[in-house]
Amino acid sequence: MARTITVGLDGSSESRAAAEWAAREATLRQVPVRLVHVWQPVPEPMAQAPLLGAETHQHWSERIPRDAAEGLRLRHPGVEVITEQRAGAPAEVLLEASRDAELLVLGSRALSGLTGFLVGSVGQSVVARAKVPVVLVRAGEQAADEHMKDPAGIPSAATGFRPVVLGLDTGNPDDTVLSFAFDEARRREATLTVVAGWNLPPSYVYSLAAGVDPREEMSRERAAALTEVLRPWREKYPDVEVTEASRLGSPANHLIDAARDASLVVVGRRVRRSPVGIHIGAVTHAVMHHATAPVAVVAHD
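Owing to the predicted nature of the structure, the values given are computational and were not obtained by experimental measurement.

Draft legend 1. Fine view of the packing of helix 9 (residues 251–259) against helix 10 (residues 282–290). With their axes 9 Å apart at the nearest point, helix 9 and helix 10 run at an angle of 30° to one another. By the angle between their directions, the pair helix 9 and helix 10 is classed as roughly parallel. Viewed along their axes, helix 9 and helix 10 form a crossing whose handedness is right-handed. The segment helix 9 lies against helix 10, with P251, A252, L255 and I256 engaging V283, A286, V287 and H290. Taken together, the residues of the contact of helix 9 with helix 10 break down into seven nonpolar, one polar and no charged.

Structure representation (structure tokens):
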């Protein structure tokens, strides 16, 4: 099967936002969008109900991908849109569908107030197990949200893209994650902001007790380490403008702050070999739930 951007579609506002994001990304990548709707047959007792028989339920289920595809084709005439309907457990179906995809795109629902976004059990299971990058898009996400404001201060899809933000662990950088982030920045002709947050070691308190404050020296060392990691990538992608941000404090908090002005946030997820449990990582988990921009989770060894 040809490479596609696959979207998990369930008819919700968040899945529709995910489909719109996928169509915009497909324009940048010049690949089709595949809308995958997971249909779960009605249990036999419900199928006997006069107002919700199995055929009626299937009819309305079939409308979800069909109507979504028609809308995408109208709004994105240059993008090929494919629909597919499968029966089964949603997480398993989406994981199977993602095997031939360049990306898998899912929606996340906004929570009340400023507490963040909800990535449900299906989304978390897929993120934790998918081999391809998974992009999470919040409900209400629009094209203008990914672009800089125009001269009048109004968000506009006609302006340049906001920066792509990459969360990087300088002690364990991964080529797969770095390559994905640089490629996304190059496609958007956007700045790549690389954020490396770090915390003081436990021995810091002993240094203070001895009258020595090592923070300034450690800050220089951490900044130098970030520069060294990015040096070959700057050479490989000379057309990508890179901004380095080595900051003392919680890596997750720094990434969430940077996401407010980003078009996309890229984080890694180490592949776990354990057959039980969901393993995503504390920083990635926090960014998934609290970043306001779309989040790409890239699996790596």
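What follows picks up the thread again.
Draft legend 2. Representation of the side chain of H76 within the structure. Residue placement: H76 occurs in the loop between helix 3 (54–75) and strand 3 (81–87). You can call H76 buried: its relative accessible area is 14%. Setting aside residues up to four positions removed in sequence, H76 forms contacts with E20, A23 and R24.

Draft legend 3. Spotlight on the side chain of E84. Along the chain, the position of E84 falls in strand 3. Using a relative accessible area of 19% as the deciding quantity, one classes E84 as buried. Within polar-contact distance, the side chain of E84 engages the side chain of R34 at 3.0 Å. Aside from chain neighbours lying at most four places away, what touches E84 is R34, L35, V36 and H37.

Draft legend 4. Representation of the nonpolar core in the model. Among the nonpolar cores identified, the biggest contains 45 residues, and L35, V105, F182, L192 and V266 are the most heavily contacted of them. The greatest single-element share of this core, amounting to seven residues, is contributed by helix 1 (residues 13–29). In terms of nonpolar packing, the next biggest core, distinct from the first, is built from 34 residues, V38, A91, A97 and I256 among them.

Draft legend 5. Structural view of the packing of helix 6 (residues 175–188) against helix 8 (residues 215–236). The geometry of helix 6 relative to helix 8 is characterised by a closest axis approach of 11 Å and an angle of 55° between their N-to-C directions. In terms of axis orientation, helix 6 runs oblique to helix 8. Seen from above, helix 6 lies across helix 8 with right-handed handedness. Counting all contacts with helix 6, which are made through D175, L178, S179 and F182, the residues of helix 8 involved are V229, L230 and W233. By residue class, the composition of the contact of helix 6 with helix 8 is five nonpolar, one polar and one charged.

Draft legend 6. Local environment of helix 9. Every buried residue of helix 9 is listed here: A252, H254, L255, I256, A258 and A259. In this fold, the buried residues of helix 9 make contact with strand 7 (164–167), strand 8 (192–198), strand 9 (242–248), strand 10 (264–270) and helix 10.

Draft legend 7. Highlighting the pairing of strand 6 (residues 134–138). In terms of burial, strand 6 is largely enclosed, as four of its five residues are buried. Where strand 6 meets strand 11 (residues 295–300), three bridges bridge the pair, whose relative direction is antiparallel. Paired with V134 across the bridge in strand 11 is V297.

Draft legend 8. View of the pattern of salt bridges. If you walk through the whole model with that rule in mind, you get 20 salt bridges. Residue R75 is joined to E20 by a salt bridge in which the shortest nitrogen-to-oxygen separation is 2.5 Å. A residue pair is termed long-range when its members are at least 10 positions apart, and R75 in helix 3 and E20 in helix 1 qualify at 55 residues. Accessibility expressed as a relative area gives 16% for E20, which makes it buried. For R63, the salt bridge goes to D67, with nearest N and O atoms at 3.4 Å. With R63 and D67 both in helix 3, this residue pair falls four residues apart, about one helical turn. By relative accessible area, which is 30% here, R63 ends up partly exposed. Taking the relative accessible area as the measure of exposure, D67 reaches 36% and is therefore partly exposed.

Draft legend 9. Highlighting unusual backbone geometry. Positive phi, normally seen in glycine, also occurs at Q30, with a value near 60°. By relative accessible area, which is 67% here, Q30 ends up exposed. Phi is positive for E189, close to 55°, though the residue is something other than glycine. In this fold, E189 is placed in the loop between helix 6 and strand 8.

Scoring rules and cut-offs
- Residues numbered from 1 in each chain as written.
- Predicted model: local features only at pLDDT ≥ 70, side-chain atom pairs only at ≥ 80, totals over all residues.
- Heavy atoms only, no water.
- Axes fitted to C-alpha atoms, helices over the stretch in contact; angles between N-to-C directions.
- Helix = DSSP H or I, 4+ residues; strand = E, 2+ residues; numbered from the N terminus.
- Parallel < 35°, antiparallel > 145°, perpendicular 65-115°, else oblique.
- Left-handed = near helix turned anticlockwise from the far one by under 90°.
- Contact = heavy atoms within 4.5 Å.
- Nonpolar A, V, L, I, M, F, W, Y, C, P; charged D, E, K, R; others polar.
- Buried < 20%, exposed > 50% of the residue type's maximum accessible area, 1.4 Å probe, protein only.
- Polar contact = N/O pair within 3.5 Å; in protein donor to acceptor, adjacent residues only side chain to side chain.
- Core = buried A, V, L, I, M, F, W, Y, C linked by side-chain atoms within 4.5 Å.
- Pairing = 2+ DSSP bridges.
- Salt bridge = Lys/Arg side-chain N within 4 Å of Asp/Glu carboxyl O.

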